[in-house]
Amino acid sequence: MSGRLTIVMYHYVHELAGQGFVKLVGRTYDEFQGQLDYLERRFTIVTPEQFIDAVKGRCALPANACMLTFDDGYRIHYSVVFKALRERGLAGFFFPPARPVLEPSVLDVHKIHFTLASTAGAAEVARQLCDWLEMNAVAFSLQPVASYKAAYAKASRFDPAEVVFVKRMLQKGLPDAVRTAAVDALFRNLSGYDEALLSEALYLRAHEIAEMVDSGMYVGAHGYDHRWLDTLTVAEQERELDLSLSFLEDVGAPTENWIMCYPYGGQDPLLLDGLRRRGCVAGLTTEVAVADIGRYDPLLLPRLDTNDLPLHRDG
Ligand SMILES: [Zn+2]
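Since we're looking at a predicted model, the values are computed, not measured. (Residues numbered from 1 in each chain as written. Predicted model: local features only at pLDDT ≥ 70, side-chain atom pairs only at ≥ 80, totals over all residues. Heavy atoms only, no water.)

Colleague: Please clarify how helix α11 (residues 206-214) should be interpreted in this entry.
Modeller: Considered for burial, the residues of α11 that qualify are Glu208, Ile209, Met212 and Val213. Viewed end-on, α11 has its buried residues packed into an arc of 140 degrees, placing them on one side of the element. Looking at α11, the residues exposed on the side facing more than 90 degrees away from the buried face are His207 and Asp214. Residues of α11 that are buried make contact with α3 (76-88), β6 (93-95), α4 (99-102), β7 (218-219) and α12 (234-250). Downstream of α11 by a residue or two, Gly216 has a phi angle that is positive, lying close to 95 degrees. (Buried < 20%, exposed > 50% of the residue type's maximum accessible area, 1.4 Å probe, protein only. Helix = DSSP H or I, 4+ residues; strand = E, 2+ residues; numbered from the N terminus. Arc of directions from axis to C-beta. Contact = heavy atoms within 4.5 Å.)

Colleague: Is there a simple way to think about the pattern of salt bridges in this case?
Modeller: Think of it this way: side chains of opposite charge can pair up when their charged atoms draw near. Per the stated rule, a full pass over the model turns up 25 salt bridges. Put simply, Glu195 and Lys111 hold a salt bridge, and the shortest N to O gap is 3.3 Å. Of the two residues, Glu195 is situated in helix α10 (residues 195-202) and Lys111 in helix α5 (residues 108-116); the sequence distance between them amounts to 84 residues. Put simply, Arg278 and Glu238 hold a salt bridge, and the shortest N to O gap is 3.3 Å. Of the two residues, Arg278 sits in the loop between α13 (269-277) and β9 (280-288) while Glu238 sits in helix α12, which places them 40 residues apart along the sequence. Arg278 gets classed as buried once you look at its relative accessible area, which sits at 18%. Given the relative accessible area of 22%, Glu238 is considered partly exposed. Several salt bridges share partner residues, and in doing so they unite Asp108, Asp176, Arg179 and Arg227 into one network. (Salt bridge = Lys/Arg side-chain N within 4 Å of Asp/Glu carboxyl O.)

Colleague: Please explain the domain arrangement of the protein chain as it appears in this structure.
Modeller: Often, the extent of an interface is quoted as the loss of accessible area upon association of its parts. Domain boundaries assigned for the protein chain yield domain 1 (4-105 + 203-308) and domain 2 (108-192). Taking only C-alpha atoms into account, the centre of domain 1 sits 29 Å from that of domain 2. Taken together, the 14 residues of domain 1 in the interface contact 8 residues of domain 2. Scanning the region where domain 1 abuts domain 2 turns up 2 salt bridges. As a salt-bridge pair, Lys172 and Asp230 come within 3.7 Å of each other at their nearest N and O atoms. Run the count over domain 1 and domain 2 and you get 4 residue pairs in polar contact (both at pLDDT 80 or more). When the residues that make up the side of domain 1 that touches domain 2 are grouped by side-chain class, the tally is 8 nonpolar, 2 polar and 4 charged. (Domains from an automatic or database assignment. Polar contact = N/O pair within 3.5 Å; in protein donor to acceptor, adjacent residues only side chain to side chain. Nonpolar A, V, L, I, M, F, W, Y, C, P; charged D, E, K, R; others polar.)

Colleague: Can you walk me through the environment of Glu211 in this structure?
Modeller: Relative to the helices and strands, Glu211 is located in helix α11. Along the backbone, Glu211 and Phe82 are 129 residues apart, and their C-alpha atoms lie at a distance of 9.9 Å. Dropping the residues within four chain positions of it, Glu211 is found in contact with Tyr78, Phe82 and Arg86. Within the structure, the side chain of Glu211 is placed 2.8 Å from the side chain of Tyr78, a separation counted as a polar contact.

Rendered as structure tokens:
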């Protein structure tokens, strides 16, 4: 009995007309439809019931099972993805962080993105970050800028050194309070966006999520504030989980036998204990592999990125 399950991870999907946030990295509408053609031809797209039954050991998955997951609660998940899936009679699994749905706020990860995508350019963002670090060195007891640069300014497979420096420093390199303050300052100076207006345009509204749930889409937890959950104290982890669950309850999503999707893939054993105590039955990571129910810990299921799969019907 095979428990193999190809879990595909999506983030942003663009509208047909190329409106919206054209600078966000994501699938074009045609690529998305082409990939759905490919997946429908070769796989059986699982429903929430099939997936939950399989992880609970009640029922085997169909052969060539595939699960479609959408992270980060983009409003386009309602206006584009939900409609495309509904037309095909498919179910998707959506994981919106709670805070930007409930408050007129933009997640740090997106503030960083929109700051780096600004016309100022990455070199200017890195320069302003260094200025900010120097100006706030005493207030926040920071290390000298040169030591941060030595640790983080290293080119990666995808980005030049100055982009990696900004991303690493602002995503995980600085302590939480410093990071939030620095991200805010750079976003305000450089992005050209008003936070409240961007929040409303970028993220799902609660009533849209409720409609998706009513129409058979699965909505699960992706944290309250989209933080690296493996960097938090147990008390902070528990708060993230409890706030996520009360958000799911408010939008009518399941809070029994529910699914967690870890922001940035970050988790640790204490978090997994907290999840088990709260009745979570599956956790989605960002480890790149085809999952196998029964072989993997159900709280540590790997996924493939949409970029790992073909974009046309015939592959
Ligand atoms: Zn995320």
